[in-house]
Amino acid sequence: MKPTSGPSVIRQLLPYLTLAAVLHGLLLAALNGAWLAQQPDAPAALQISLTEVPAAVAPAAEAPAPAANKATLAAKSNASTGSARRAAIRAPAQAVIADAEIAAAPALPLAASQLIPALSAVATAAHTDGDGNRAGSSGSSGTGSANSGEAQGVSAADDAPRLTTTQIIAPPSVTMQMRIVRETPGQNPMYGVGEVRWQHDSQHYRLELNAGLDLLLTSVTLYQSVSEGQITQAALQPRILSEKRRGRSETATHFDRSGATVTFSSSNKTLALQSGAQDRASVLLQLAALGKADPGWFQAGRRFRIQVAEDRDAMDFEFEVVEETTLKTSAGNYRCWHLRRPPLAGKYNSALDIWLAPELHWLPVQIRNTESNGAVTTQTLRSTEWSPH
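These numbers were taken from a predicted model, which means no experiment stands behind them.

Novice: Kindly report on the overall build of the protein, identifying the contributing residues and their values.
Specialist: Broken down by element type, the protein carries six helices and 15 strands. Relative to its full complement of 389 residues, the protein shows a buried share of 48%.

In structure tokens:
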């Protein structure tokens, strides 16, 4: 029998290779289609902000643009949309620790599109309702006139004292791998992966948060936020928060310390910047830095509020120190201080719980968001990788 030649083998295998490539393309197309068609669900703390981004959004910039240049920036945004969508989105790194429980987790169903808007359980304490609109708003981007109290930086949480600090100590640079689980009443749990990258040189910091899907053939990042700013003796001072969502334009939130204002690329609001203000990513590290500098500050029953800016708005988050407890994670068991941000009428409808571990430099080892419809999204530490100094 004449041996089969190399070209002949290739010709025989070509239909199968083509079929495999088509199936892989359909897999990614189905995932992207589910994201684009997804109707906003209720928010999750440290989750994707679910409100639609306007079509003409100015790209992220180093500083807020003057009012006279907004029309020009809006025109440039349309021209840059194509290149922005072609930009590579880095997938989150694989976790180092994979225990038996995580390894035995059921495969992620492709049809479970509800997971996609819940997968930024890393950086966004969004305050939307079950229909995807912000609590206390009409659902539009607004100009700041709809709520004069917010425009002046006044919050309904005035009964809790504003957090004022005299000293913080920034935790050392670290990369944290997280496991994300979303549980909705009457449905099977859904799973995702998250990553927190905290880097600083004692004067400037960069905090990057990623969340996405870990599929059989590929990894897909669905949400990424980057907070950059300065580290002072008293507080982190964010300069800019940029956020990317798969299939959407990038947004930016700008902090003007000299003018004491905060502005947004995706809305026309200009709000007063309060002392100690944070963005929805940096607020976690601000709390960690406070605990590292003054461990005795965290006492059960203590209440405080912090102004937190997100992609379109800024408002006060009111926190309460609940208790000291032990939390079991894949990375180990940790003594933690449990903080809670309960729902606040007219502001945010979800409850946010944070567990800070003193033995891990007060970094958050678990973050949980409980929505008004009973859905719970939990992000739990799987591993840490400390950066050399």
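Novice: Lay out the environment of Y205 in plain terms, naming residues and giving numbers.
Specialist: Relative to the elements of secondary structure, Y205 occurs in strand β3 (residues 204-214). Accessibility expressed as a relative area gives 3% for Y205, which makes it buried. A sequence separation of 23 residues divides Y205 from E228, and the C-alpha atoms of the two residues are 5.8 Å apart. A distance of 2.8 Å separates a polar atom in the side chain of Y205 from a polar atom in the side chain of S227.

Novice: An account of the packing of aromatic side chains is requested, with residue identities and associated values reported.
Specialist: Tallying each qualifying case throughout the model produces five aromatic pairs. Where W297 meets F298, the ring centres are 5.2 Å apart and the plane angle is 80°; that geometry is what we call edge-to-face. F298 shares its class with W297; the two are buried. With a centroid separation of 5.6 Å and an interplanar angle of 20°, the aromatic rings of F304 and F319 are classed as stacked. Highlighted residues: F304 in strand β10 (residues 303-309) and F319 in strand β11 (residues 314-329), separated in sequence by 15 residues. Counting every residue linked through ring pairs, the aromatic cluster contains W297, F298, F304, F319 and W362. The residue whose ring lies beneath R302 is W297, and the NZ or CZ to ring-centre distance is 4.6 Å.

Novice: Give a detailed account of the nonpolar core, specifying residues and quantitative values.
Specialist: W198, L207, L285, F298, F304, L339 and V365 are the most contacted members of the largest nonpolar core, which has 49 residues in total. If one sorts the elements of this core by residue count, helix α6 (residues 282-293) sits on top with seven residues. For L339, the contacting residues outside a window of four places in its chain are L287, F298, F304, E320, V321, V322, L352, D353, I354 and L356. Formed by eight residues, the second largest nonpolar core is a distinct cluster that contains V262, L271, A309 and A314.

Novice: Hey, could you go over α6 for me, with residue numbers and the actual values?
Specialist: For α6, built from 12 residues, the straight-helix expectation of 16 Å at 1.5 Å per residue is met to within 8% by its first-to-last C-alpha distance of 17 Å. α6 sits mainly inside the fold: 10 of its 12 residues count as buried. What α6 keeps buried is the set S282, V283, L284, L285, Q286, L287, A288, A289, L290 and G291.

Novice: Describe the pairing of β11, listing the residues and the values that go with them.
Specialist: As defined by bridge partners, β10 adjoins β11 across seven bridges and the pair is classed as antiparallel. Bridging across to β11, A309 finds its partner in A314. Linkage of β10 to β11, two consecutive antiparallel strands, is achieved through a turn of four residues. Here β11 pairs with strand β12 (residues 332-341) via nine bridges, running antiparallel. Bridge pairing in β12 places E320 opposite R340. Connecting β11 to the next strand, β12, in antiparallel fashion are two residues.

Novice: Let's hear about the side chain of E243: which residues, and what values?
Specialist: Tracing the backbone shows E243 in strand β5 (residues 236-245). Relative accessible area serves as the criterion here: at 0%, E243 is assigned to the buried category. Polar contacts involving the side chain of E243 include one to the side chain of Y223, which spans 2.6 Å. Among the polar contacts listed, one links the side chain of E243 to the side chain of R245, at a separation of 3.4 Å.

Novice: Can you break down unusual backbone geometry residue by residue, with the values?
Specialist: Unusually for a residue other than glycine, S202 sits at a positive phi of about 80°. Take S202: it is sitting in the loop between β2 (190-200) and β3.

Novice: With reference to specific residues and values, describe the pairing of strand β15 (residues 376-386).
Specialist: Burial analysis of β15 places eight of its 11 residues in the buried class, which makes it a mostly covered element. Pairing analysis gives 10 bridges linking strand β1 (residues 174-183) to β15, with the strands arranged antiparallel. Looking at the pairing, M178 lines up with L381 of β15. Direction of pairing for strand β14 (residues 363-370) relative to β15: antiparallel, over a ladder of five bridges.

What counts as what
Residues numbered from 1 in each chain as written. Predicted model: local features only at pLDDT ≥ 70, side-chain atom pairs only at ≥ 80, totals over all residues. Heavy atoms only, no water. Helix = DSSP H or I, 4+ residues; strand = E, 2+ residues; numbered from the N terminus. Buried < 20%, exposed > 50% of the residue type's maximum accessible area, 1.4 Å probe, protein only. Polar contact = N/O pair within 3.5 Å; in protein donor to acceptor, adjacent residues only side chain to side chain. Phe/Tyr/Trp six-rings, centres within 6.5 Å; stacked < 30°, edge-to-face > 60°. Lys NZ or Arg CZ within 6 Å of the ring centre and 35° of its normal. Core = buried A, V, L, I, M, F, W, Y, C linked by side-chain atoms within 4.5 Å. Contact = heavy atoms within 4.5 Å. Expected span 1.5 Å × (residues − 1). Pairing = 2+ DSSP bridges.

All we've got here are geometric facts, nothing functional implied.
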